[in-house]
Structure formats: structure tokens, C-alpha cells
Amino acid sequence: MNLNINRRTFLCLVGYFYTANLFAKTKCKKTPIQPIGPFYKETKLSNINDLTNNGKALGKIIEIQGKIVDSYCKPHPKCIIDIWQANTYGKYNHKNDLSENKIDKNFKGYKRIITDDQGYYSFKTIMPGSYKIFDDIIRPPHIHLLIKTVNNKRLSTQVYFKDQLGNKKDIIFNSVKNNYLLEVSFAKSDKKIRKGILDITI
């Protein structure tokens, strides 16, 4: 009798630690929060995930894609994503941007999209330019995202680019732990459009 109980207990313990270990491996690290900043504005939902105005916008065309999941790596379907960024000259299409950086009339710089049933998203845009906050502070290229899930979770974050040296000096990028989770690496390709992947955990 004791042997059976011990064997049963042993098997339960093995099962528990196996499940716990498997569970630990499937946990996703949360994407760091980044400030919304002064240039956010709401836009209408669009079924066109292209900010380049059919390629008319100035600058290098890039494509960002990924998946939005929870901390257990389960997908967040039908998330609303607000996207906004500076143009190739580092100028936002916003009344609060009083800089003297050039305007690109073919680049709006704002878009609202929705993820699919599995939490996947993608959008095409141009590589944003850097811009000065103060004389000695320059923000590296980045793209703002504000994500809202169907169960009312929200995340404000920013997309950075791994090949940008300015990331190491950026106050906002370096204000959070695990900031490497915000960096996109572009896959090597002969195509004109550079593609990068950024999965986001809320």
C-alpha cells in the first residue's frame, strides 16, 4: 500500500515539475512601456497598412511585422494599433512639432490598424529620421505604437532599430529594462523593402 502511494506521489511530482518547467518556458517577457509623447493624435481605423502613400513618401521603405501576445504567449486577437512617427527628415505631421525640419507632403505619418484573429500585424512605412529635443539630445529613429486589446489592456511603446548607434545614448530607450525587446533587426534581402519582426507582449 505504501509503495503504491509513494509511486503515485512520485508520478504526480514528476508531472507537476514537468508541467511547471514547460509553463516557465512558454512565458513571454513583457514589452517595455514607452511614453506616448506630445505628437499623438487619433485617426480612423484603416484597412490599408501602408504609411508610404503608395511609395510616394521620401525615405527608405521598411516593413514591420509581428504578433501581439499575453504573458503566457497566447495571441491577442483584434488589437487596435495606433502608429505614428516622424518623416525621413525627423518632422511629425502634428501642430506641436515646431521644429524647422522639412515637411514631406506625401507622408502623413499616422495610421490605425487592427491585428488578425491570431494577433498578427504588419505595416509598411519609411525609416523615420532622427531629431533634436535639445541642442545636445538627439532622439534616434523610432516609431510609436499604442496598442489596445479587446479586453481593454493598453500598451504605449516604441519601435527602435538595432543598427542605430543613437540607441545607446537615448534617454528614453535606456530608461527601461529589457530594452532589447524594442529593437528590430532587418533580415538580409536583395529586395528594396527592408523587413523586420517585432513581437509584442502585453
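Asks: Now, about the pairing of strand β1 (residues 61-69): what can you tell me, with residues and values included?
Replies: Most of β1 sits out of view: seven of its nine residues are buried. Strand direction decides the pairing type here: β1 and strand β4 (residues 120-126), joined by seven bridges, are antiparallel. Within β4, the position partnered with E63 by the bridge is K124. Here β1 runs beside strand β10 (residues 194-197); their pairing, made up of four bridges, is parallel. Within the sheet, the bridge partner assigned to E63 lies in β10 and is K195. Relative to strand β11 (residues 200-201), β1 is paired through two bridges, and the arrangement is parallel. Among the inter-strand pairings, I68 is bridged to a residue of β11, identified as I200.

Asks: I'd like a rundown of unusual backbone geometry, residues and numbers included.
Replies: At N53, a residue that is not glycine, the phi angle is positive and equals roughly 60°. With a relative accessible area of 34%, N53 lands in the partly exposed category. Of note, the phi angle at N54 is positive, near 60°, even though the residue is not glycine. Turning to its location among the elements, N54 is positioned in the loop between α1 (2-25) and β1. Exposure remark for N54: the relative accessible area of 70% places this residue in the exposed category.

Asks: Quick one: what's the story with the confidence of the model for the protein, residue by residue and with numbers?
Replies: In low-pLDDT segments, the atomic positions of the prediction should not be examined closely. The pLDDT averaged across the protein works out to 90; a share of 87% of its residues lies at or above 70. When the criterion is pLDDT under 50, residues 9-14 qualifies, and its contacts beyond four places in sequence or with other chains add up to zero contacts. Taken as a whole, residues 16-24 scores under 50 in pLDDT and shows one contact with residues more than four places along the chain or in a different chain.

Asks: Outline the layout of surface pockets, supporting the account with residue identities and numerical values.
Replies: Space inside the largest pocket adds up to approximately 270 Å³. Along the walls of the largest pocket sit 18 residues, with P38, F39, Y131, I133 and R139 positioned nearest its centre. Tallying contributions element by element places strand β5 (residues 131-134) first for the lining of the largest pocket, with three residues.

Asks: An account of the pattern of salt bridges is needed here, citing residue identities and associated values.
Replies: Opposite charge on two side chains permits them to pair, given that their charged atoms come into close proximity. Summed over all chains, the structure comprises six salt bridges. Taking the shortest distance from any N to any O, the salt bridge between R112 and D82 comes out at 2.7 Å. Residue R112 is located in strand β3 (residues 110-114), and its partner D82 is located in strand β2 (residues 80-85); the two are separated by 30 residues in the primary sequence. One exposure class covers both R112 and D82, and it is buried.

Asks: Explain the nonpolar core to me, using residue names and the numbers behind them.
Replies: Formed by 25 residues in total, the largest nonpolar core has its most connected members in I64, Y121, F123, L145, I147 and I200. Secondary structure elements with two or more residues in this core: β1, β2, β4, β7 (143-148) and β8 (154-161). Every residue in contact with F123, bar those within four places of it in the chain, is listed here: N49, L51, I62, E63, I64, I83, I113, I143 and L145.

Asks: Which residues make up the state of the cysteines, and what values go with them?
Replies: For the coordinates displayed, the defined rule picks out one disulfide. Linked covalently through their sulfurs, C28 and C73 form a disulfide whose S-S length is 1.9 Å. Residues C28 and C73 are joined through a disulfide that is right-handed, its torsion about the S-S bond being 115°. Here C28 is found in the loop between α1 and β1, whereas its partner C73 is found in the loop between β1 and β2, with 45 residues between them in sequence. By relative accessible area, which is 25% here, C28 ends up partly exposed.

Cut-offs used in this document
Residues numbered from 1 in each chain as written. Predicted model: local features only at pLDDT ≥ 70, side-chain atom pairs only at ≥ 80, totals over all residues. Heavy atoms only, no water. Buried < 20%, exposed > 50% of the residue type's maximum accessible area, 1.4 Å probe, protein only. Helix = DSSP H or I, 4+ residues; strand = E, 2+ residues; numbered from the N terminus. Pairing = 2+ DSSP bridges. pLDDT = per-residue confidence, 0-100. Contact = heavy atoms within 4.5 Å. 1 Å grid on protein atoms, 1.4 Å probe; cavity = no way out; pocket = protein on both sides within 12 Å on 5 of 7 lines; lining within 4 Å. Points joined across faces, edges and corners; volume = space filled by probe spheres on them. Salt bridge = Lys/Arg side-chain N within 4 Å of Asp/Glu carboxyl O. Core = buried A, V, L, I, M, F, W, Y, C linked by side-chain atoms within 4.5 Å. Disulfide = S-S within 2.5 Å.

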